[in-house]
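Residue-level structural notes
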Amino acid sequence: MKILVLPGDGIGPEITGATLDVLSAVDRVLGLGLTHEVRDIGLASLASRGTTLPDDVLSAVPEADGVLLGPVSHYTYPPRAEGGINPSAELRTHFALFANVRPCRSRPDLSVLRAPMDLVIVRENTEGFYSDRNMVAGTGEFMPDPDLALSVRKVSAAACRRVARAAFELARGRRRKVTAVHKANVLKLSDGLFLREVRRAAAECPDVELEELIVDATAALLIRSPERFDVIVTTNMFGDILSDEASELSGSLGLGGSVNVGETICVAQAQHGSAPDIAGRGIANPTSLILSAAMLLAWRGRRDGDPRLVRAGAAIGAAVDRVLDDPATRTRDVGGRLGTAEFAAETCRVIERDTARTGESS
């Protein structure tokens, strides 16, 4: 399996390096034959090549078996005409990565919740209120005069259909419940269209329960009754906000994995941003990107029918769980003492110990 590695900005190179260490450890134990190629994007490529996403990097994506994408500081990029392309948004739209899949599971001693959380948010990934990615030319945000700003929300039946089907398929392997989150009481046409497509997908999966909830109520119920949720499907911005809320409630935004999935391409990406204020200090928590890489391996394994990759993803997840269970081996942001490299090294040690032991007993 060949992985294209795009370290990104801020803490991106540090947590990407830590993630590669973990991938190397699971590769050594399970003999996966993993290889990777590192390419510059973001501020590094802007300085050297005049663009935050060179064309040859974009062309390399479909040639790889998966992509590992570090966080990017796109808020500080220059305008697109001056080379400032948001790599995250561009990859999602260019390759139709229609579903952003974000699991959220509460962790003992870290979660503030009274009841356990174990859910997955499946977020439409290519349109919605995100004005930088919903037009073929220009953006969906504009100012007719200096004192008026307008933004266009794009919701298409095709995009809603794809993400709804992905959510129902995922729910079939879990507790068989999908919650469609919307604001159709106000956004009657756009969220009405979203719900129409979700209901059609539900009709194709009679074995999965469909629940419909307004986004306001969902935000409250994630706190009050997180155990009621299994798979949540929603539009782009609602999914972005709710998944960050759920991750923080379950322990920390830095502890949730995330993948962007299309028909043939998967991009693993941390849920959090580039945190330039702590870049270069060796204290960033690499958990989110490590778990995202585990999801990438599992996705590829299921797609190719390779149980070794599925096992590798599970092994990484189990090792991270063990490391986080011990307060002494957590990173500083969640009350521990370890830095980025030390956390990765401890995760590698657990993988090599526990995965080898499991192999001996099987």
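Below is a summary of the structure that appears in this document.

**Structural notes on the side chain of Asn134**
With respect to the helices and strands, Asn134 occurs in the loop between strand E5 (118-124) and strand E6 (141-145). Judged by its relative accessible area of 3%, Asn134 falls in the buried class. Polar side-chain contacts of Asn134 include one of 3.0 Å to the backbone oxygen of Gly128. Polar contacts involving the side chain of Asn134 include one to the main-chain carbonyl oxygen of Val152, which spans 3.1 Å. Here Asn134 is in contact with Glu127, Gly128, Gly140, Val152 and Lys154, once residues within four sequence places are set aside.

**Quick look at the pairing of strand E2 (residues 35-38)**
In this sheet, E2 lies alongside strand E1 (residues 2-6) in parallel orientation, the contact comprising four bridges. Pairing of Val5 across the sheet is with Val38, part of E2. Note that the unit made of E1, helix H1 (residues 12-30) and E2 has a crossover that is right-handed.

**Describing the packing of helix H7 (residues 215-224) against helix H8 (residues 236-250)**
Running from N to C, H7 and H8 cross one another at 10 degrees; their axes reach a closest spacing of 10 Å. By the criterion of interaxial angle, the relationship of H7 to H8 is roughly parallel. Between H7 and H8, the residues in contact are Val215, Thr218, Ala219, Leu222 and Ile223 and Phe238, Leu242, Glu245, Ala246 and Leu249, respectively. Of the residues that constitute the contact of H7 with H8, the class distribution is eight nonpolar, one polar and one charged.

**Notes on the environment of Arg176**
Along the polypeptide, Arg176 turns up in the loop between helix H5 (157-172) and strand E8 (177-182). Taking C-alpha positions, Arg176 is 8.1 Å from Val231, a pair spaced 55 residues apart along the chain. Among all residues touching Arg176, those that are not within four sequence positions of it are Ala171, Asp207, Val208, Glu209 and Asp230.

**Things to note about unusual backbone geometry**
If you check the backbone angles, Ala96 has positive phi at about 50 degrees while not being a glycine. If you trace the backbone, Ala96 turns up in the loop between helix H4 (87-94) and strand E4 (99-105). In this structure Ala96 comes out as partly exposed when scored by relative accessible area, which is 28%. With a phi close to 70 degrees, Asp109 is a non-glycine residue in the positive phi region. Its relative accessible area of 69% is what places Asp109 among the exposed residues.

**What about H1?**
Compared with an ideal rise of 1.5 Å per residue, which puts 19 residues at 27 Å, H1 spans 27 Å between its outermost C-alpha atoms and is within 8% of the ideal. Three or more residues of H1 are buried, namely Gly12, Ile15, Thr16, Ala18, Thr19, Leu20, Val22, Leu23, Ala25, Val26, Asp27 and Leu30. Immediately beyond the C-terminal end of H1, within one or two residues, lies Gly31, with a positive phi of roughly 60 degrees.

**What to know about the packing of aromatic side chains**
Per the stated rule, a full pass over the model turns up zero aromatic pairs. The ring of Tyr130 has Arg123 lying over it, and the distance from NZ or CZ to the ring centre is 5.5 Å. A cation sits over an aromatic face here: Arg153 above Phe238, 5.7 Å from the ring centre.

**Here's the deal with empty space enclosed by the protein**
Across all of its chains, the model carries one cavity of 30 Å³ or more by this definition. The calculated volume of the largest cavity comes to roughly 40 Å³. Along its surface, the largest cavity is lined by Glu124, Glu127, Gly128, Lys154, Val155, Cys160, Thr235 and Asn236. Looking at the lining of the largest cavity residue by residue, the class counts come to two nonpolar, three polar and three charged.

**Let's talk about the pairing of E6**
Pairing of E6 with strand E7 (residues 148-151) involves three bridges; the strand directions are antiparallel. Looking across to E7, one finds that Phe142 is bridged to Leu150. Where E6 folds back on E7, the antiparallel hairpin that results is connected by two residues.

**Quick notes on the state of the cysteines**
Across all of its chains, the model carries zero disulfides by this definition. Cys104 takes part in no disulfide bond, and the closest cysteine sulfur, belonging to Cys266, lies 17 Å away. Classification of Cys104 by relative accessible area gives buried; the value is 1%. No disulfide involves Cys160; its nearest neighbouring cysteine sulfur is the one of Cys205, lying 16 Å away.

**So, the packing of H1 against helix H9 (residues 287-304)**
Packing of H1 against H9 leaves a shortest axis separation of 9 Å and a crossing angle of 45 degrees. Classified by the angle their axes make, H1 and H9 are oblique. Both H1 and H9 take part in a crossing whose hand is right-handed. Residues Ile15, Thr16, Thr19, Val22, Leu23 and Val26 of H1 touch H9, and the partners they reach there are Leu289, Ile290, Ala293 and Leu297.

Parameters at a glance
- Residues numbered from 1 in each chain as written.
- Predicted model: local features only at pLDDT ≥ 70, side-chain atom pairs only at ≥ 80, totals over all residues.
- Heavy atoms only, no water.
- Helix = DSSP H or I, 4+ residues; strand = E, 2+ residues; numbered from the N terminus.
- Buried < 20%, exposed > 50% of the residue type's maximum accessible area, 1.4 Å probe, protein only.
- Polar contact = N/O pair within 3.5 Å; in protein donor to acceptor, adjacent residues only side chain to side chain.
- Contact = heavy atoms within 4.5 Å.
- Pairing = 2+ DSSP bridges.
- Right-handed = clockwise from strand over helix to strand, strands pointing away.
- Axes fitted to C-alpha atoms, helices over the stretch in contact; angles between N-to-C directions.
- Parallel < 35°, antiparallel > 145°, perpendicular 65-115°, else oblique.
- Nonpolar A, V, L, I, M, F, W, Y, C, P; charged D, E, K, R; others polar.
- Expected span 1.5 Å × (residues − 1).
- Phe/Tyr/Trp six-rings, centres within 6.5 Å; stacked < 30°, edge-to-face > 60°.
- Lys NZ or Arg CZ within 6 Å of the ring centre and 35° of its normal.
- 1 Å grid on protein atoms, 1.4 Å probe; cavity = no way out; pocket = protein on both sides within 12 Å on 5 of 7 lines; lining within 4 Å.
- Points joined across faces, edges and corners; volume = space filled by probe spheres on them.
- Disulfide = S-S within 2.5 Å.
- Left-handed = near helix turned anticlockwise from the far one by under 90°.

That is the geometry; function is a separate question.
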